[in-house]
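# Overview (structure and organization)
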Amino acid sequence: MHAGPSGFHNAPVTRTLVITSAILTVAAGLRGRSHRLGLSYQDTIENRNIWKFIPSVFAFSSSPELIIGLYLLYYFRVFERQIGSNKYSVFVLFSLIVSTAFEVLALALLKDSRTSAAGPYGLIFASFIPFYFDIPVTSRFHMFGINFSDKSAIYFAGFQLLLCAWKSSFVPGICGALAGFLFRINAFGIRKLKFPKKITSVISRLFFSSASSSHASRANIRGHTHVPYAGRQRNYPSVGHIPMPEPPESSIAMLVSMGFNSNAARQALMQARNDINAATNILLEAQTR
């Protein structure tokens, strides 16, 4: 299973999140404040230390959390490539705000003196909702009598992230999953929202140097532009003179839902021998040319 081409091409929001999280985590560690990043009942309810919300949302408390968390954020860039940076920014903002609100509510109800895990747990575990529903399983295998799929590694990484902070990470993880579910069911019509063009253009100039070029590439794919796949560097095994079967309509529909043109999706599936992940890679690579 692949998340598309390596790097942050067509994923400027993810790049900003990864860099911000890494810088804030390292800065907190150097200042010896890593253990005080998470939210607690005393800080949020009794003392009302609002300033803690920003570092607690982006900075991790330990190196293992940072490594696993950044890996998952990097992998989930596939969603930004599917729905575009504008809508993905709405998803990120919604997930962080709603999951944090749920976390504060849980702290108020539980009145637990323990500090919850710091970091973008809300966003990461909100991303597991579309990962479960929208990313198909393309291969399965058995190990030690247990069934696994090509998605198992991502689930295992999420489980490891939960275990890094033990009980402190359960509440942020559950709150993130709830936020992702609300986004999934389009609560408050959130999935229809977009940032105004003026705001996105300003943000693009400040942070996303490649945003304009990536937008133009996506416009080419969506504008019914024929993609010449014959000259691609990536070659898939041929089947001799045996004609390839017509790609399933469900696979074409899935690629179209990601924003690709139906004709380009059909050609990519035929070249990739109906492997939807390989076809997605072909279409994404077409945007870089």
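Our structure's up above, just so we're on the same page.
First, a word on scope: everything that follows refers to the structure included in this document. All values reported here derive from a predicted model rather than from experimental measurement. (Residues numbered from 1 in each chain as written. Predicted model: local features only at pLDDT ≥ 70, side-chain atom pairs only at ≥ 80, totals over all residues. Heavy atoms only, no water.)

Position of Thr 100 among the secondary structure elements: in helix α6 (residues 85–110). On the basis of relative accessibility, which here comes to 13%, the residue Thr 100 falls in the buried class. Separated by 2.6 Å, the side chain of Thr 100 and the backbone oxygen of Leu 96 make a polar contact. Filtering out sequence-adjacent residues up to four positions away, Thr 100 remains in contact with Leu 39, Phe 53 and Val 57. (Helix = DSSP H or I, 4+ residues; strand = E, 2+ residues; numbered from the N terminus. Buried < 20%, exposed > 50% of the residue type's maximum accessible area, 1.4 Å probe, protein only. Polar contact = N/O pair within 3.5 Å; in protein donor to acceptor, adjacent residues only side chain to side chain. Contact = heavy atoms within 4.5 Å.)

Here we take up the packing of α6 against helix α7 (residues 121–134). Where α6 contacts α7, the two axes come as close as 8 Å, and the packing angle between them is 115°. Along this stretch, α6 crosses α7, giving a crossing that reads as right-handed. Along its contact with α6, which presents Phe 91, Val 92, Ser 95, Leu 96 and Ser 99, the element α7 presents Gly 122, Leu 123, Ala 126 and Ser 127. Here the contact of α6 with α7 is built from residues that sort into five nonpolar, four polar and no charged. (Axes fitted to C-alpha atoms, helices over the stretch in contact; angles between N-to-C directions. Left-handed = near helix turned anticlockwise from the far one by under 90°. Nonpolar A, V, L, I, M, F, W, Y, C, P; charged D, E, K, R; others polar.)

Looking at the element boundaries, Asn 263 is found in helix α13 (residues 262–271). Given the relative accessible area of 48%, Asn 263 is considered partly exposed. Here the alpha-carbon distance between Asn 263 and Ile 252, two residues 11 residues apart in the chain, equals 8.7 Å.

What follows is about the pairing of strand β2 (residues 146–149). Of the strand pairs in this sheet, strand β1 (residues 140–143) and β2 are connected by four bridges, and their pairing is antiparallel. Looking at β2, one finds that Met 143 is bridged to Ile 146. Remark: two residues form the turn of the hairpin made by β1 and β2, two consecutive strands paired antiparallel; Phe 144 in that turn has positive phi of roughly 55°. (Pairing = 2+ DSSP bridges.)

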